[in-house]
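# Fold and contact review
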Amino acid sequence: MKVKLDGIEKHFRTVWMKGSTVCMIDQRLLPHRFKLLKCRNYLDTIEAIKNMTVRGAGAIGATAGYAMAQAALESANLRKPLKYLFMAADKIKASRPTAQNLFYAVDRVCNAINNEETLESAVKAAVLEANAIANDDAEACRKIGEFGNTLLGVKDSVLTHCNAGWLAFVDNGSALSPVYAAKAAGKQIIVYSDETRPRLQGANLTSWELLNEGIEHYVIPDNAAGAFMRDGRIGLVIVGADRIANNGDTANKIGTYEKAICARAAGIPFYVAAPTSTFDVNCRSGRDIPIEYRSEDEVHWIYGMTEKGKRGRVKVTPEGSKALNPAFDVTPAEYISGFITEKGIILNENKGFDFEKLWK
């Protein structure tokens, strides 16, 4: 997508590889500062995944693929390259346990490596496959926008949670891709963006994206969404996903489950937008999805910009209080109206979802 820097529009992806260096937008600094970060080796790239310099299902997946490609490049001069690669794959997979795209990308690059007969060809294959994963992610999200646009009226209002725009993927996004496609088609869309505590991705990232795209939007407190639905201000809900189980249960940013319950009570459609790389066919239900718990500090402290224009943090809890910080929750399939994928929209037919068409 395009970013306005000093009045000039320039196209950026969230993450890309240049030589052996992985480059990415430092999302920790948005919306107040735009900066690129360069990761020189796969351990640096893993750290960027862990500390949420890069975040979001597709972007994490692409970054993990690039990290695996970096490890392949680094292994070329080692006495035991395979041991190094196995170790790297395990470390990358341990960086964020919930996001299915991460595991998908690492396995895909590893399979490309295994299919080669020489180390030299394996290294080349790793880099090519990592780039292919990123390109596939961007194209899948573009198609999600095309299909999702059909759900939006000429004038419509959408609630979204967390950030599932292009910053969460390589380009285009998942939950926001239909909104971008609708705008391109001349539709008038209003987006209500949950602030999404404790990391505030909706307040910081979704709003920044929509502002750049010139789309009318309002950042709302997380606990205001139900009231807006009841009052008829929201036409439908579209969220992203970090892992989708075989029965349709979906893990997404903490707070998504509450939005699904409110949407059901208000009679509002609740859609999940995600590429097929987010579906985990080996995961039977939401009970089998591992939920990442992050540091208490993300709850105790909030980052922002001071009146003097400096980035800082403030503590919002009393000294001595403990916090729990689950990064995700699981929305049962029965609360989901449909999935918007690059292969079309799969609707809930009351008997569950027919996912077979995704694998044809």
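Here the structure is shown first, and the text comes after it.
About the criteria used
- Here the residue numbers are simple positions, counted from 1 along each chain's written sequence.
- Reporting of local features is limited, given that this is a predicted model, to residues whose pLDDT is at least 70; pairs of side-chain atoms are given and counted only at 80 or more, and all residues count toward the totals for whole chains, interfaces and linings.
- Side-chain measures were taken over the full set of non-hydrogen atoms in the model, leaving aside hydrogen atoms and water.
- In plain words, nonpolar cores are sets of buried Ala, Val, Leu, Ile, Met, Phe, Trp, Tyr and Cys residues tied together by side-chain atoms within 4.5 Å.
- Three labels apply to residues, based on accessible area from a 1.4 Å probe with only protein chains included: buried if under 20% of the type maximum, exposed if over 50%, partly exposed otherwise in between.
- Residue contacts are defined here by distance: any two heavy atoms, one from each residue, within 4.5 Å place the two residues in contact.
- Pairing between strands requires that DSSP locate at least two bridges from one strand to the other.
- Every helix listed is a DSSP run of H or I at least four residues long, and every strand listed is a run of E at least two residues long, numbered separately from the N terminus.
- Fitted lines through C-alpha atoms serve as axes, helices being fitted only where they are in contact, and the angles separating the N-to-C directions of these axes extend from 0 to 180 degrees.
- Roughly parallel refers to an angle under 35 degrees, roughly antiparallel to one over 145, roughly perpendicular to one between 65 and 115, and oblique to any angle outside these ranges.
- Each crossing is labelled by how the near helix is turned from the far one, with a counterclockwise turn of less than a right angle marking it left-handed and a clockwise turn marking it right-handed.
- Two rings belonging to Phe, Tyr or Trp (six-membered ring only in the last case) form a pair when the distance between their centres is within 6.5 Å. Interplanar angles under 30 degrees mark stacking, angles over 60 mark edge-to-face geometry, and anything in between is tilted.
- Comment: the charge-over-ring label is applied if NZ (Lys) or CZ (Arg) is within 6 Å of the ring centre and within 35 degrees of the ring normal.

### Quick look at the nonpolar core
As a rule of thumb, soluble globular proteins bury nonpolar side chains together. Counting residues in hydrophobic clusters, the biggest one holds 41 residues, and the most contacted among them are Tyr42, Met68 and Ile92. In this structure, Tyr42 is in contact with Ala67, Gln70, Ala71, Glu74, Tyr84, Met87, Ala88, Lys91 and Ile92, ignoring residues within four places of it in sequence. The next biggest cluster of nonpolar side chains, apart from the first, holds 27 residues, and it includes Ile25, Leu167, Trp208 and Ile215.

### Regarding the sheet that holds strand S3 (residues 15–18)
As summarised here, the arrangement of the three strands in space is S3-S4-S5, forming an open sheet in which the pairing is antiparallel. Strand pairing shows two members of the sheet lacking a second neighbour, S3 and strand S5 (36–39), which therefore form its edges. With direction set aside, neighbouring strand axes in the sheet form an average angle of 25°. Note: strand S4 (residues 21–25) against S5, four bridges, orientation antiparallel. Of the residues in S5, the one forming a bridge with Ile25 is Leu36. Relative to S3, helix H2 (residues 57–75) is tilted by about 20°, and along the sheet it contacts S3, S4 and S5.

### Re the packing of helix H5 (residues 119–149) against helix H6 (residues 177–184)
A pair of packed helices is captured by two measures, namely the crossing angle of their axes and the spacing between those axes. For the pair H5 and H6, interaxial distance at closest approach is 7 Å and the crossing angle is 65°. Taken together, H5 and H6 sit at an angle that is classed as roughly perpendicular. Between H5 and H6 lies a crossing of right-handed hand. Here Cys141, Arg142, Ile144, Gly145, Glu146, Gly148 and Asn149 of H5 come into contact with H6, specifically with Ser177, Pro178, Ala181 and Ala182.

### Notes on the pairing of strand S13 (residues 301–305)
Bridge count for S13 against strand S14 (residues 311–315) is five bridges, and the pairing is antiparallel. Following the sheet pairing, Ile302 is matched in S14 by Val314. Taken together, S13 and the strand that follows it, S14, pair antiparallel across an intervening segment of five residues, in which Gly309 is found at a positive phi of about 80°.

### Quick notes on the side chain of Ser193
Mapping Ser193 onto the fold places it in strand S7 (residues 188–194). The buried category is assigned to Ser193, whose relative accessible area is 0%. Among all residues touching Ser193, those that are not within four sequence positions of it are Thr160, Gly202, Thr206, Tyr218, Val219 and Ile220.

### Structural notes on unusual backbone geometry
For the peptide bond that leads from Leu30 to Pro31, omega is 10°, which places it in the cis range. Its place among the elements puts Pro31 in the loop between S4 and S5. Cis geometry is found at the peptide bond from Arg197 to Pro198, where omega equals 5°. In this fold, Pro198 is placed in the loop between S7 and helix H7 (201–213). Within the chain, Met52 stands out as a residue other than glycine whose phi angle is a positive 65°.

### Some words on H6
What H6 keeps buried is the set Ser177, Pro178, Val179, Tyr180 and Ala182. Buried residues in H6 make contact with H5, strand S6 (155–160), S7, H7 and strand S9 (236–239). Just downstream of H6, Gly186 is the residue with a positive phi angle, here 90°.

### Some details on the sheet that holds strand S16 (residues 338–341)
Taking strand neighbours across the sheet as the criterion, the seven strands line up as S8-S7-S6-S9-S12-S16-S17 in an open arrangement whose pairing is mixed. The open sheet has two free edges, formed respectively by strand S8 (217–220) and strand S17 (344–347), since each of these has just one partner strand. Between one strand and the next, the sheet's axes are offset by a mean angle of 25°, whatever the strand orientation. Pairing of S6 with S7, which is carried by six bridges, proceeds in the parallel orientation. Note that in S7 the partner of Ser157 across the bridge is Ile190. Lying over the sheet, H5 contacts strand S12 (270–273), S16 and S17, oriented at roughly 135° with respect to S16. Across the sheet, helix H9 (residues 256–266) lies against S6, S7, S9 and S12, angled at about 145° from S12, the strand it touches most.

### Some details on the environment of Ala48
Tracing the sequence through the fold places Ala48 in helix H1 (residues 42–50). By relative accessible area, Ala48 is classed as buried at 2%. Ala48 sits 22 residues away from Asp26 along the chain, and the two C-alpha atoms are 8.7 Å apart. Residues contacting Ala48, with those up to four places away along its chain left out, are Met24, Cys39, Thr53 and Val54.

### Regarding the packing of aromatic side chains
By the definition in use, this model includes 14 aromatic pairs. Both rings, one in Phe353 and one in Phe355, keep their centres 5.6 Å apart while their planes meet at 5°; by these two values the pair is stacked. Across the pair, Phe355 and Phe353 agree in class, each one buried. Each member of the aromatic cluster is reached from another via a ring pair, and the members are Phe12, Trp16, Phe34, Trp166 and Trp208. Stacked on the ring of Phe328, the Lys or Arg Lys253 has its end atom at 4.6 Å from the ring centre. The aromatic ring of Trp301 is capped on one face by Arg313, whose charged end is 3.7 Å from the ring centroid.

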